[in-house]
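Here is what each chain is made of, one letter per residue.
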Amino acid sequence: MAAENEKKSSSAVSDMGAWAMNVISSVGIIMANKQLMSSSGFAFSFATTLTGFHFALTALVGMVSNATGLSASKHVPMWELIWFSIVANVSIAAMNFSLMLNSVGFYQISKLSMIPVVCVMEWILHSKRYSREVKIAVVVVVVGVGICTVTDVKVNAKGFICACVAIFSSSLQQILIGSLQKKYSIGSFELLSKTAPIQALSLLVVGPLVDYLLSGKFIMNYSMSSGCFLFILLSCALAVFCNISQYLCIGRFSAVSFQVIGHMKTVCILTLGWVLFDSAMTFKNVAGMIVAIVGMVIYSWAMELEKQSNIAAAKALNSVKHSLSEEEFGLLKEGVETTQSKDVELGYTKG
């Protein structure tokens, strides 16, 4: 019993560590990129190419880890890796185009809509169902973040199409991370080290063109300073931790949980923006953040409730299996199925 409790405690600490790494690295990378890309900073407006740099360093870390034996390399079919990389890169480009073509308000709404889209896609692809408590918590989080982030909402046909592509591809990418880990029994870092080189190569080839379409500037004409170079290195280093923690979180939990914790990062960014950059903090922002945090607490409680319910159901099934012989359990199961089929044929179901 003591060993089981110790194992649960260790797992909880690992879970919290993964979440903390993701929140801290994500918030850090946004702050670093704000300095790197803003006109008051270094005006390095090449977001897609920068993402290619991120994955290049991540790929390098993965290669070193595999070469030194710190991580094992398991087989994943190349077509699956290429398919994942295409989906992930489309997500990055579409998000950048959506931000360029739409108002910030509509961009935020499109990001908020990813939670229900992920829920629907997991239901379609994996027949996953969510409890009423989880659904309520998701609605509360979305409403809270919407209150504190959504301002002006303007949309056009091209922007709407880009937003739809971004939502669909980003949701599918996050579901694929979890399903590939389960399908091939591969760890989060091992999967990342396989996909990162493909993403890095493709983004570094296509990225400059995408950035030119977005900003009208070509990266080869940019005058690089030592300060800018240091911030690019900082952004890349933080991206390694951000990428690893994303795969860890989705592998341990689900794409929906990752989306919910992503909105916790939004709350942190708004707060840090107010503290570090003197961003305006209105009553609407504060009220929205409080609602979002309440929603996250409800979500944590709902997921724990669902987890305990699943554990109890598994224990009940095991106790039945242990109390009956294998043959008796099979006969019992066959009898239940036969009874249900007869009831359906007669046009009713027993309560």
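Conventions used here
- Residues numbered from 1 in each chain as written.
- Predicted model: local features only at pLDDT ≥ 70, side-chain atom pairs only at ≥ 80, totals over all residues.
- Heavy atoms only, no water.
- UniProt positions renumbered as here; feature names shortened; annotations may be inferred.
- Core = buried A, V, L, I, M, F, W, Y, C linked by side-chain atoms within 4.5 Å.
- Buried < 20%, exposed > 50% of the residue type's maximum accessible area, 1.4 Å probe, protein only.
- Helix = DSSP H or I, 4+ residues; strand = E, 2+ residues; numbered from the N terminus.
- Phe/Tyr/Trp six-rings, centres within 6.5 Å; stacked < 30°, edge-to-face > 60°.
- Axes fitted to C-alpha atoms, helices over the stretch in contact; angles between N-to-C directions.
- Parallel < 35°, antiparallel > 145°, perpendicular 65-115°, else oblique.
- Left-handed = near helix turned anticlockwise from the far one by under 90°.
- Contact = heavy atoms within 4.5 Å.

Identification of the chain as UDP-galactose transporter 2-like from Camelina sativa is taken from an unreviewed UniProt entry. Listed under Subcellular location (unreviewed entry) in UniProt, the entry text for the chain is "Membrane".

A.B. asks: How do you make sense of the nonpolar core when you look at a structure like this?
C.D. replies: Most often, soluble globular proteins have nonpolar side chains that are buried together. Grouped together as the largest cluster of nonpolar side chains are 37 residues, with contacts concentrated most on F84, V256 and Y299. Of all the secondary structure elements, the ones that give two or more residues to this core are α3 (78-101), α5 (114-126), α6 (132-149), α7 (157-183), α8 (188-215), α9 (226-252), α10 (255-277) and α11 (283-323).

A.B. asks: What should I look at first to understand the packing of aromatic side chains in this one?
C.D. replies: Two numbers describe a pair of aromatic rings. These are the distance of the centres and the angle of the planes. This structure, assessed with the given rule, holds 5 aromatic pairs. Where F42 meets F231, the ring centres are 5.5 Å apart and the plane angle is 50°; that geometry is what we call tilted. Note that F42 is positioned in the loop between α1 (2-37) and α2 (47-67) and F231 in helix α9, a separation of 189 residues in sequence. The class for F42 is partly exposed, based on a relative accessible area of 22%. For F231, a relative accessible area of 25% corresponds to the partly exposed category. Put simply, the rings of F44, F46 and Y222 touch in pairs and so form one group of aromatic residues.

A.B. asks: What should I look at first to understand the UniProt feature "transmembrane region" (unreviewed entry) in the chain in this one?
C.D. replies: Those places that UniProt annotates as "transmembrane region" (unreviewed entry) correspond, in this numbering, to residues 44-69, 81-99, 136-153, 222-244, 256-277 and 283-302. Along residues 44-69 the backbone is 81% helical and 0% strand, and the end-to-end C-alpha distance reaches 37 Å. Split by type, residues 283-302 is 100% helix and 0% strand. Its first and last C-alpha atoms lie 28 Å apart.

A.B. asks: So what exactly am I meant to see when it comes to the packing of α5 against α7 here?
C.D. replies: Helix-helix packing: each pair is described by the crossing angle between the helix axes and the interaxial distance. At their nearest, the axes of α5 and α7 sit 9 Å apart, and the two run at 50° to each other. One element, α5, and the other, α7, form an angle in the oblique class. Handedness of the α5/α7 crossing: right-handed. For the pair α5 and α7, contact is made by M114, V117, V118, M121, E122, L125 and H126 and by I167, F168, S170, S171, L172, Q174, I175 and S179, respectively.

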